[in-house]
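Here is what each chain is made of, one letter per residue.
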Amino acid sequence: MLIYDLDFPELTKLLKEWKEPAYRAKQVWQGLYQHFYDTSEQFTTLPKSLRDKIAEHFTFSPFSVKVVQDSSDGFTRKTLFELPDKNLIEAVLMRYGDPADNPQISPSTTGRGAKNRRTLCISSQAGCAMGCVFCATGQLGFKRHLSSGEIVAQVMYYARQLKAQDEVVTNIVLMGMGEPFHNYENTMAAIDRLNDADGFNFGARRFTISTVGMVPAIKRFADEKRQVNLAVSLHAVDDESRSAMMPVNRRYKIEEVLDACEYYVMQTSRRVTFEWALISGVNDTPEIARKLAAKLRGLMCHVNAIPLNPTAGFSGKATDRERAIIFRETLEQSGIPCTIRMRRGIDIAAGCGQLAGAETKK
Ligand code: SAH
Ligand code: SF4
């Protein structure tokens, strides 16, 4: 069994069954989430017999590293992991705000308070069932849900790597492979585990969940009043074009998605982010920007526009920089804040699912 699949009460219960003293659970927990140990021998505060027992019952990694790719600008690292059942998942580390960063790039990509950000983009599923046509993961189809421990393990993998360079993870986004709200329980369990103050202690506000727009889950998330940031992938202002790009829209129409977002803002007093992949000539015109602004007016929100990452299975092209800026300015003139995100690590196919897609085809 994967050790990261246990929450603290489960670990406590197990050690009690093993007739260990109560304080052992905390020692194991701290070894895992504060020291990032990945072998049982590293738990030197534990007696040898217990270390052996842990080694016998648990694994510390649910995957093997299949490919590591660094972008040519050196800011992005993508890792392709292979799970024991041969399914592939991806997780990406993005570095922002290094003094060595290209000053041409930094201001537009970092924004406020972004100094020395180490953002992890992790996966919640192998593949995805939602079938968005522009998305490499969607093109792969659904393989399976990840367990909470498999989600946690992606973070621990990079945390360990960063620690070796005296660095820490500062932000975690659920924007890798999969739809986190389709795997709601495991995703939230993973966030709770990483959030635990006696363990990894990663602040709720430094997580962002991105959803394709699953309305009941957005409402549930709102009711739970979590401090975790919410991003909703919109990409179109009218149902016809959204349904053509995102099959989920046939089930949950734009108005319903926006109503759920309004409910979220009401419940949490938190701003919602809308994701917008800018596709040349499709959803990047000033007219569409104005329509979008009209739709979002009055909602506490922000638009994250990112030029499309071209994928093998979709013919759309990325909007160029100039048009992207016009799109942003048009939105902002109508009172909707907008950021254009740089496509990071495009040379390593940072759009999640692309590396797994390429490997699957080999
Ligand atoms: N399933 C979730 C989270 C994973 S996708 C969701 O869809 O929101 C993370 C983000 O990347 C989403 O906003 C998604 O629409 C976007 N995306 C997917 N493929 C893309 C591509 N080829 N180019 C740009 N953005 C893309
Ligand atoms: Fe799934 Fe998100 Fe890709 Fe759509 S964009 S197919 S929901 S991962």
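Summary of the structure given here. (Residues numbered from 1 in each chain as written. Chains lettered and ligands numbered in written order. Predicted model: local features only at pLDDT ≥ 70, side-chain atom pairs only at ≥ 80, totals over all residues. Heavy atoms only, no water.)

## Thoughts on the environment of T211
Tracing the sequence through the fold places T211 in strand 8 (residues 207-211). Classification of T211 as buried rests on a relative accessible area of 1%. In the structure, T211 is positioned 36 residues away from M175 in sequence and 8.3 Å away in space, judged by C-alpha atoms. If we ignore the near neighbours within four places in the chain, the residues touching T211 are E179, F181, I218, L230, A231, V232 and S233. (Helix = DSSP H or I, 4+ residues; strand = E, 2+ residues; numbered from the N terminus. Buried < 20%, exposed > 50% of the residue type's maximum accessible area, 1.4 Å probe, protein only. Contact = heavy atoms within 4.5 Å.)

## Focus: the sheet that holds strand 4 (residues 117-121)
Picture the strands of a sheet paired through backbone hydrogen bonds; they go either parallel or antiparallel. Taking strand neighbours across the sheet as the criterion, the 10 strands line up as 1-2-3-4-7-8-9-10-11-12 in an open arrangement whose pairing is mixed. The open sheet terminates on both sides in strands that have one partner only, identified here as strand 1 (64-70) and strand 12 (338-340). Sheet twist, expressed as the average angle between the axes of neighbouring strands with direction ignored, equals 20°. Taken together, the three bridges between strand 7 (residues 171-174) and strand 8 define a ladder with parallel strand orientation. Within the sheet, the bridge partner assigned to V173 lies in strand 8 and is T208. Contacting strand 1, strand 2 (76-82), strand 3 (88-96), strand 4 and strand 7, helix 6 (residues 148-163) crosses the sheet at an angle of about 40° to strand 3. Strands strand 7 and strand 8 of the sheet are contacted by helix 7 (residues 184-195), whose axis makes an angle of about 170° with strand 8. (Pairing = 2+ DSSP bridges. Axes fitted to C-alpha atoms, helices over the stretch in contact; angles between N-to-C directions.)

## Remarks on the side chain of N171
Along the polypeptide, N171 turns up in strand 7. Side chain to side chain, N171 and T170 meet in a polar contact 2.8 Å long. (Polar contact = N/O pair within 3.5 Å; in protein donor to acceptor, adjacent residues only side chain to side chain.)

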